Amino acid sequence: MTLHDSSGRLPHAFTTPGSSSFVDFLAGYAPDLLPGHRALPGGDLQAPHGTTIVALTFDGGIVMAGDRRATMGSMIASRHIEKVFPADEFSAVGIAGTAGLAIELVRLFQLELEHYEKIEGSLLSLDGKANRLATMIRGNLGMAMQGLAVVPLFAGYDLDRGRGRIFSYDVTGGRYEEQEHHAVGSGSVFARGSLKKRWRHGLDASTAVRVAVEALVDAADDDSATGGPDRARRIWPVVATVTEAGYLRVTDDDLAAAVDVVENGRRSTRREGGAR
Amino acid sequence: MSMPFYVSPEQLMKDRADYARKGIARGRSVVVLQYDDGIAFATENPSRALHKISEIYDRIAFAAVGKYNEFENLRVAGVRYADLRGYSYDRVDVTARGLANAYAQTLGTVFTTESKPLEVELVVVEVGREPAGDQIYRLSYDGSVADEHGWVVMGGQAERLAGLLGAGWRPGMTLAQALGLAVQVLGSAADDGEPRTLGASQLEVAVLDRTRPRRAFRRLTGALLEDVLGGDDSPPGGDATPAP
């Protein structure tokens, strides 16, 4: 990558009017920096893998939560990886799949939204953001076919409609709007079951945070690749709310309290332990 | 055999410089000045969509006078430069100095090699964690760069306004004091004319606020700007219109 041409001035690609998209600019100017444009050698590759993300709507916004575990085969690659990020001020993105690619993709997606905002002077609509993410996932299809898939969950506050919305994706870039709640990743089956039972209309933000934590606890209970809250090390899931006021990460103290409530609710009184 | 006209290089450069200067002097002035918690930008601009002051990166902003299409093009190039650099290295590696150099080379190359110079004057500003870390670079149509301290005025009547601003500015002003001075300077009249009072709707005002965690740039519009201009000495609250 070079930022100057031979005379020292900014290259013409920089001063060419047109696209407000950083990804499009990169595709024209420095395609090797785009994750989907790299040639891959064949063969099996072991790389850290991120797991469960849950998202649910509540009255006035959304909650997104992700556990802190990354696995590589049967080994735990990381117990404090973060998989939920602010995409911009009014949206959050969580990622399951090959961790390295996913983090690169999130970084590019954050930059894409900020770049648009700076050049156009206005925010993209929530649907516009969701569609941009779909395009970027589609660009990764070649890697996904070699086993390096990235599956994000995107959610945000729609400023035009005045409510929170959730979008899920498949590896081919298919974009699906989800109602009420959704989960992705290896523990998603158990998390979805939990969300179905716990989610209801008119949740407030703090209850919604607790429902999200409980869904992750349920996922960690039955899925070896999902990490539960770690009391000894004080590692809590990453939980964030997005409302009209913007993205806000839930503090560790609030999460410790939410974990307490969930665990106290299922503490067994009998010696052999319960099935809850 | 016909003799081609000979134009000396001095004359050629002088003609280009005069041409660019004339274009720039037609525009309204932009005032940039440091205050205790950051750097403020103000200009008379009734448009809400066509900006002269913009965000480039987390702690870097851009202000320009002259031909809109030319500086808008440079602004977009600056955003692309900064975002590409931040993506390749890290966000902290994007500096105003690097951007000012890139702009200077671009302006200089266009001035000497193309038939028409860019009729623009730019300021690239980076806000530091402390006032001592603030950087203000002023770039001219010919690619010359000046490292300014405290304040800058560009555009039409820059010299007259610079005299007024230089007399009124001192380090450590509050935002309200700094903007009060800026608006007074922008509204001052040449010769013995009557000074104008500029309202919030006629002004484009933005700040690089050093107390903000990541993106320091914020536009001040509407009620918030009226509050600040109304002599309210308290720092602007969190109810700001989201930037930009």
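Residues numbered from 1 in each chain as written. Chains lettered and ligands numbered in written order. Predicted model: local features only at pLDDT ≥ 70, side-chain atom pairs only at ≥ 80, totals over all residues.

### Brief notes about the overall build of chain A
Counting its regular elements, chain A contains 8 helices and 13 strands. Taken over C-alpha atoms, the radius of gyration comes to 20 Å for chain A, in line with the 19 Å a tight globule of 276 residues would show. Once the C-alpha set of chain A is aligned to its principal axes, its extents read approximately 80 × 45 × 30 Å. A buried classification covers 46% of the 276 residues belonging to chain A. (Helix = DSSP H or I, 4+ residues; strand = E, 2+ residues; numbered from the N terminus. Rg over C-alpha atoms; globule rule 2.2 N^0.38 Å. Buried ≥ 20, exposed ≤ 12 C-beta atoms within 10 Å, placed from the backbone.)

### Structural notes on the interface of chain B and chain A
Buried accessible area, meaning the area lost when the parts come together, often serves as the stated size of an interface. Every contact between the two is made by 19 residues of chain B and, on the other side, 19 residues of chain A. The element best represented in the side of chain B that touches chain A is helix H2 (residues 68–88) of chain B, accounting for 11 residues. Looking at the side of chain B that touches chain A, its residues break down into 9 nonpolar, 6 polar and 4 charged. (Contact = placed C-beta atoms within 7 Å. Nonpolar A, V, L, I, M, F, W, Y, C, P; charged D, E, K, R; others polar.)

### Describing the pairing of strand S5 (residues 120–126) of chain B
Burial analysis of S5(B) places 7 of its 7 residues in the buried class, the great majority of the element. Residues Val120(B), Leu122(B), Val124(B) and Glu126(B) point to one face of S5(B) and Glu121(B), Val123(B) and Val125(B) to the other, with burial holding for every one of them.

### Structural notes on the UniProt feature "active site" (unreviewed entry) in chain A
All names here are of chain A. As recorded in UniProt, the feature "active site" (unreviewed entry) lies at Thr51. For Thr51, a count of 28 C-beta atoms within 10 Å gives the class buried. Here Thr51 is in contact with Asp67, Arg69, Thr71, Ala96, Gly185, Ser186, Gly187, Ala225 and Thr226, once residues within four sequence places are set aside. (UniProt positions renumbered as here; feature names shortened; annotations may be inferred.)

### Some thoughts on the sheet that holds strand S1 (residues 30–35) of chain B
Residues and elements named next belong to chain B. Pairing is antiparallel in the open sheet, where 5 strands are placed in the order S8-S1-S2-S9-S10. Looking at which strands have only one partner, the edges of the open sheet turn out to be strand S8 (151–154) and strand S10 (217–220). Geometrically, the sheet is characterised by an average inter-axis angle of 15° between neighbouring strands, direction not taken into account. Examined bridge by bridge, strand S2 (residues 38–44) and strand S9 (residues 203–209) share 7 bridges and lie antiparallel to one another. Bridging from a neighbouring strand, Ile39 pairs with Leu208 of S9. (Pairing = 2+ DSSP bridges. Axes fitted to C-alpha atoms, helices over the stretch in contact; angles between N-to-C directions.)

### Some remarks on helix H3 (residues 96–113) of chain B
Along its 18 residues, H3(B) runs 25 Å from first to last C-alpha, staying within 8% of the 26 Å computed at 1.5 Å per residue. Among all positions of H3(B), only Ala96(B), Leu99(B), Ala100(B), Ala102(B), Tyr103(B), Ala104(B), Thr106(B), Leu107(B), Gly108(B), Val110(B) and Phe111(B) are buried. (Expected span 1.5 Å × (residues − 1).)

### Concerning the sheet that holds strand S6 (residues 135–139) of chain B
Residues and elements named next belong to chain B. Strands sit in the order S3-S4-S5-S6-S7 across an open sheet of 5 strands; the sheet is antiparallel. Where the open sheet ends on each side, the last strands, each with one partner, are strand S3 (53–57) and strand S7 (145–148). Across this sheet, the average inter-strand angle for adjacent strands is 25°, counted without regard to direction. With 4 bridges connecting them, S3 and strand S4 (residues 60–66) associate as antiparallel partners. Within S4, the residue paired with Glu55 across the bridge is Ala61.

### A word on the nonpolar core
For soluble globular proteins, nonpolar side chains are generally found buried alongside one another. Counting 153 residues, the largest nonpolar core has Ala212(A), Val32(B) and Val124(B) as the members making the most contacts within it. By residue number, the principal contributor to this core is helix H7 (residues 205–222) of chain A, which donates 10 residues. Once residues within four sequence positions are removed from consideration, Val124(B) is found in contact with Ile60(B), Phe62(B), Ala96(B), Leu99(B), Ala100(B), Tyr103(B), Tyr137(B) and Leu139(B). (Core = buried A, V, L, I, M, F, W, Y, C linked by C-beta atoms within 7 Å.)

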